[in-house]
Every structure is written in structure tokens, then in C-alpha cells.
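# Notes for the structure review
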Amino acid sequence: MTDWNAYRAHLGQSVQAFATLAPDTLKGLQTLDHAAAATGHLDAKTRELIALAVAVTTRCDGCIAVHSKAAVKAGATKEEIAEALGVAVALNAGAALVYSSRVLDAVDTVTG
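Residues numbered from 1 in each chain as written. Predicted model: local features only at pLDDT ≥ 70, side-chain atom pairs only at ≥ 80, totals over all residues. Heavy atoms only, no water.

### Details of the overall build of the protein chain
Operational definition: A run of H or I in DSSP becomes a helix once it reaches four residues, and a run of E becomes a strand once it reaches two; helices and strands are each numbered from the N terminus. The globule rule used here is 2.2 Å times the number of residues to the 0.38 power, and the radius of gyration it is set against is calculated over C-alpha atoms. Buried, partly exposed and exposed residues are distinguished by accessible area as a fraction of the type maximum, computed with a 1.4 Å probe on protein chains only: under 20%, between the cut-offs, and over 50%, respectively. Contact between two residues is taken to exist if any of their heavy atoms lie within 4.5 Å; hydrogens are not considered. Residue-level accessible areas treat just the shown protein chains as cover; the underlying method is Shrake-Rupley with a 1.4 Å probe. Positive: Lys, Arg. Negative: Asp, Glu. His and the chain ends are not part of the count. For charged residues, the charge sits on one atom: NZ in Lys, CZ in Arg, CG in Asp, CD in Glu.
When helices and strands are counted, the protein chain shows five helices and zero strands. Against the 2.2 N^0.38 benchmark of 13 Å for 112 residues, the protein chain shows a C-alpha radius of gyration of 18 Å, more extended than a compact globule. Overall size of the protein chain, expressed as C-alpha extent along the three principal axes, is 55 × 40 × 35 Å. Per-residue burial for the protein chain yields a buried fraction of 15% across its 112 residues. Within the protein chain, contacts between residues separated by at least 24 positions form 61% of all contacts whose residues are at least 6 apart in sequence. Here the protein chain has roughly 8200 Å² of accessible surface; of this, 64% comes from carbon and sulfur atoms. Computed over 9 positive and 11 negative side-chain charges, the inter-centroid distance for the protein chain is 7 Å.

Here it is, written out as C-alpha cells:
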């Protein structure tokens, strides 16, 4: 995938089709999204940087497409986005380390 603008447009159409079939599901997601911003403790740029880091950790191309545009619109620089993504990379590596120790624990239960 290289045309993110075309993907955003297609995603918008697909979400609309889904919303027609399951409107309450979309309303629930929108409620969660609005609730996350309602307190006002984080500004829009910070929320979008977090969203991009989470998008990377959950491997969601749709989230990447939507939140990359929103992050830039909220004033995030490429350098700030890269730093947020660096946090995502570090967390994924840390999670792999933690789960590696779990594998060794599981192996120990088999091998004694």
C-alpha cells in the first residue's frame, strides 16, 4: 500500500457501509472516542501521537491512515511523530522480552 489518501477514502466508504449495517457499534466507538477527549487533560496533538503509537503496536493500517493525517492537522511534526513511534518500538521490544521470559517459564514446566 502506498496511496494513503486513496486508502483513507476507501476506508471512509467501508466504515459508512458498516455503519449502515451496525449503527450502534459505530455510535459506541464514537462515544469512546469523544469520551477520551472530553476531559481536556491532553491536547489534540498529544492524543494523536498516542494514537499513532498504539496504531503501530496494534498493526492497524486504518488507524495509521486516519491518525497520521489528524496528527499533522493537530500540529505534530515529523520529528515528534518519530519520537512517539520510537516509544512504540521500545514497548514492543519490551513486551517481546517479557513474553520471552514467559516462554522459558512454560518450558521449565515441561522439562522440569
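We are not done yet, so read on.
### Thoughts on the packing of aromatic side chains
Inclusion rule: Whether two aromatic rings pair depends on their centres lying within 6.5 Å, for rings of Phe, Tyr and Trp, where Trp uses its six-membered ring; planes under 30 degrees apart make the pair stacked, over 60 edge-to-face, and the rest tilted.
For the structure shown, the criterion picks out one aromatic pair. Between the aromatic rings of W4 and Y7, the centroid separation amounts to 6.1 Å while the plane-to-plane angle is 85 degrees, which identifies the pairing as edge-to-face. Separated by three residues within a single helix, W4 and Y7 lie in helix 1 (residues 4–21), roughly one turn from each other. Using a relative accessible area of 29% as the deciding quantity, one classes W4 as partly exposed.

### A closer look at helix 5 (residues 78–111)
Which entries qualify depends on this criterion: For a helix, the expected span equals 1.5 Å multiplied by the number of residues minus one.
Over its 34 residues, helix 5 runs 49 Å from end to end, which matches the ideal 50 Å to within 8%, given 1.5 Å per residue. Contact partners of the buried residues in helix 5: helix 3 (44–58) and helix 4 (61–73).

### Here's the deal with the side chain of R8
Within the secondary structure, R8 is located in helix 1. If sequence neighbours within four positions are ignored, R8 has contacts with A65, V66, S68 and K69.

### Topic: the packing of helix 1 against helix 2 (residues 23–38)
Convention followed: Orientation is described by axes fitted as lines to C-alpha atoms, over the contacting stretch for helices, and by angles from 0 to 180 degrees between their N-to-C directions. Under the scheme applied, nonpolar residues are Ala, Val, Leu, Ile, Met, Phe, Trp, Tyr, Cys and Pro; charged residues are Asp, Glu, Lys and Arg; polar residues are all the others, including Gly.
Orientation of helix 1 relative to helix 2, taken along the N-to-C sense of each, is 115 degrees, at an axis distance of 5 Å. Only P23, T25 and L26 of helix 2 make contact with helix 1, whose side of the interface consists of V15, F18, A19, T20 and L21. When the residues that make up the contact of helix 1 with helix 2 are grouped by side-chain class, the tally is six nonpolar, two polar and no charged.

### What to know about the nonpolar core
The criterion, for reference: To form a nonpolar core, buried Ala, Val, Leu, Ile, Met, Phe, Trp, Tyr and Cys residues must be joined to one another through side-chain atoms within 4.5 Å.
Listed in full, the six residues of the largest apolar core are L49, L52, A71, A76, I81 and A84. Mapped by element, the contributors of at least two residues to this core are helix 3 and helix 5. Ignoring anything within four residues of it in the chain, the contact list for A76 reads K45, L49, A71 and I81.

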